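Now for the letters of each chain:
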Amino acid sequence: MLVVACIKQVPDTTQVQIDPVTNTLVREGIPFIVNPYDAHALEEALRLKDQFGFRVAAVSMGPPNAEATLKKALALGVDEAILLSDRVFGGADTLATSRVLSEAIERLNQQEQVGIVICGKQTIDGDTAQVGPGIATRLGYTQLTLVDRIDKLDPFQGRITVRRKLEGRHETVEAPLPVLLTVVREVNLPRYPTVPMRLESEAAAVQVWTNQELQLDQNGIGLKGSPTWVSRIFSPQREKGEIVGDGAADPAGAAHLLVDRLLSRDLLVV
Ligand SMILES: Cc1cc2nc3c(=O)[nH]c(=O)nc-3n(C[C@H](O)[C@H](O)[C@H](O)COP(=O)(O)OP(=O)(O)OC[C@H]3O[C@@H](n4cnc5c(N)ncnc54)[C@H](O)[C@@H]3O)c2cc1C
């Protein structure tokens, strides 16, 4: 069985700036990282490999420099790393992104049966959490979102039991394979690559699939296949902070001042 981890390269959000003229991200000179949720998706796929001996493929759609992200996945122990990169994939919204990713997974499925696809809960740049469910819908896979634990996997019966982390409660769900999971941070603690693994992965090649391989209709991918447009992007204005009273010299007085201030702004109800 093949387990597929979908991983996206994202700008390090602590460094992100927005161009006030073009309303786009300033990408020059910004370090890129693996989307943090996807590091957990990859780790979960590798744990299934460790436990069951499955093969793992990491897939990413992005520009050529996203190869670095997939090299990291190879260093961690994935068996195959595929970069979906082509100018015609550029400018994709979540609909078009999930179309390209699901087609790639379908191609992998033709080589070896895909049982489980694992995505992060969401990205830290787009933040939509739509791509995982989009892939599952297109492939007709069961989708289990917000997974914080795989409780049981029976590859012979083709069934999986997971725990989902919901608002204020957990839910245990059993479902048939093939399945797409989206995972939250609590699911695991990602491993680090060892030095020998890093060195070994230097020689391992990332496969690059363009649209020549996928043969998707160009009207359904990239900018042309994206009904969503970001019309404006901006950082919210922050009000300047204020220090109320002198908490070190007169904590009780400062607390009174603070409560008065909060009451006057209707931010505190007594
Ligand atoms: C600054 C900015 C500008 C944008 N401009 C536009 C625009 O003009 N028009 C437009 O239509 N859209 C635009 N987008 C949206 C962009 O195309 C989305 O980021 C993209 O479709 C993926 O959605 P997401 O990041 O919300 O992923 P999510 O749905 O939050 O991701 C969930 C999971 O899906 C998987 N995944 C998502 N993307 C990939 C990928 N590329 N490769 C592998 N796995 C993946 C990962 O496992 C991830 O954890 C913009 C986004 C940003 C941040």
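These figures come from a predicted structure and were not determined experimentally. (Residues numbered from 1 in each chain as written. Predicted model: local features only at pLDDT ≥ 70, side-chain atom pairs only at ≥ 80, totals over all residues. Heavy atoms only, no water.)

### Re the side chain of Glu43
Put simply, the rule reads: Only runs of H or I of at least four residues qualify as helices and only runs of E of at least two qualify as strands under DSSP, and these elements are numbered from the N terminus. Nitrogen and oxygen atoms within 3.5 Å of one another constitute a polar contact, given that in protein one can donate a hydrogen and the other can accept it, and given that sequence-neighbouring residues count only through two side-chain atoms. Note on contacts: a residue pair qualifies if any of its non-hydrogen atoms lie within 4.5 Å across the two residues.
With respect to the helices and strands, the residue Glu43 is situated in helix α1 (residues 36-52). Within the local environment of Glu43, its side chain forms a polar contact with the side chain of Arg191, the two groups lying 2.8 Å apart. Dropping the residues within four chain positions of it, Glu43 is found in contact with Asn188, Leu189, Pro190 and Arg191.

### Comments concerning the sheet that holds strand β10 (residues 179-183)
Adjacent strands of a sheet pair through backbone hydrogen bonds, lying either parallel or antiparallel. What counts is decided by this rule: A pair of strands is treated as paired once DSSP finds two or more bridges between them. Throughout, an axis means a line fitted to C-alpha atoms (over the contacting stretch in the case of helices), and angles, computed between N-to-C directions, take values from 0 to 180 degrees.
Taken together, 9 strands build an open sheet; the order of strands is β9-β8-β7-β10-β6-β1-β4-β5-β11 and the sheet is mixed. If you trace the sheet from one side to the other, it starts and ends with β9 (169-176) and β11 (207-209), each paired once. Put simply, the sheet's adjacent strands are angled 35° from each other on average, direction ignored. Bridging between strand β6 (residues 114-120) and β10 involves 5 bridges; their strand directions are parallel. Paired with Ile118 across the two strands is Leu181, which belongs to β10. Where α1 meets the sheet, it contacts β1 (2-6), β4 (55-61), β6, β7 (142-154) and β10, and its direction lies at approximately 150° from that of β6. Taken strand by strand, helix α3 (residues 94-111) contacts β1, β4, β5 (80-84), β6 and β11, and its axis lies near 155° from that of β4.

### What to know about the site of the ligand
Definition in use: We call a residue near a molecule or strand when any one of its heavy atoms sits within 4 Å of it. Accessible surface is estimated by sampling points in the Shrake-Rupley manner with a 1.4 Å probe; for residues, cover comes only from the protein chains shown.
Taken together, 28 residues are adjacent to the ligand, and Asp38, Ala92, Thr123, Thr128 and Thr228 come closest. With respect to the ligand, the backbone of Asp93 contributes an N or O atom lying 3.3 Å from an oxygen atom. The separation between an oxygen atom of the ligand and a polar main-chain atom of Asp127 is 3.5 Å. Relative to its unbound accessible area of 940 Å², the ligand is 88% covered by the protein chains. Elements with a contribution of two residues or more to the shell around the ligand: β4, α3 and β6.

### Focus: unusual backbone geometry
Of the consecutive residues Leu177 and Pro178, the connecting peptide bond is found in the cis state with omega at 0°. Summarising the element assignment, Pro178 is placed in the loop between β9 and β10. Phi angles above zero are rare outside glycine, and Ala129 is one such case at about 60°. Position of Ala129 relative to the elements: it lies in the loop between β6 and α4 (131-139). Even without glycine at this site, Asp266 takes up a positive phi of about 60°.

### Let's talk about the layout of surface pockets
To keep it simple, the criterion reads: Using only the protein atoms, space was sampled on a 1 Å grid; points where a 1.4 Å probe fits but cannot get out form cavities, open sets with protein on both sides within 12 Å along at least five of seven lines form pockets, and lining residues are those with an atom within 4 Å of a point. Grid points are joined across faces, edges and corners, and a volume is the space filled by probe spheres set on the points.
By volume, the second largest pocket amounts to about 450 Å³. Val34, Lys72, Leu76, Arg191 and Pro193 are the residues nearest the centre of the second largest pocket, which is lined by 21 residues in total. Counting only elements with at least two residues in the lining of the second largest pocket, the list comes to α1, α2 (67-76) and α5 (195-203). Among the elements that line the lining of the second largest pocket, the one with the most residues is α2, at 6 residues.

### A few points about the packing of aromatic side chains
Just so we agree on the cut-off: Two aromatic rings, drawn from Phe, Tyr or Trp (for Trp, its six-membered ring), form a pair once their centres lie within 6.5 Å of each other, and the interplanar angle then sorts them: stacked below 30 degrees, edge-to-face above 60, tilted otherwise. A ring is considered to have a charge above it if a Lys NZ or an Arg CZ atom is located within 6 Å of its centre and within 35 degrees of its normal.
Summed over all chains, the structure comprises 1 aromatic pair. The ring of Trp209 is capped by Arg107, whose NZ or CZ atom sits 4.8 Å from the centre of that ring. Lying across the ring of Tyr37, Arg185 places its NZ or CZ 4.7 Å from the centre.

### Quick word on α4
Operational definition: Burial here depends on accessible area, computed with a 1.4 Å probe over protein chains only, as a share of the maximum for the residue type. Under 20% is buried, over 50% is exposed, and the range in between is partly exposed.
Within α4, the full set of buried residues consists of Gly132, Pro133, Gly134, Ile135, Ala136 and Leu139. Close packing links the buried residues of α4 with β1, α3, β6, β7 and β10.

### Overview of the pairing of β9
Every other side chain in a regular strand lies on the same face of the sheet, so the side chains alternate between the two faces. Sheet topology places strand β8 (residues 159-166) next to β9; 8 bridges connect them, and they run antiparallel. The residue bridging Arg163 from the neighbouring strand is Thr172, located in β9. Adjacent in sequence and paired antiparallel, β8 and β9 are bridged by 2 residues, among which Gly168 carries a positive phi angle near 75°.

### A look at the pairing of β7
For β7 and β10, the ladder comprises 4 bridges, and the chain directions are parallel. Across the sheet, residue Leu144 finds its bridge partner in β10, namely Leu181. Summarising the sheet, β7 and β8 pair through 6 bridges and their orientation is antiparallel. Its bridge partner lying in β8, Leu153 is registered against Ile160. The antiparallel hairpin formed by β7 and β8 contains 4 residues in its connecting segment, where Gly158 sits at a positive phi of about 65°.

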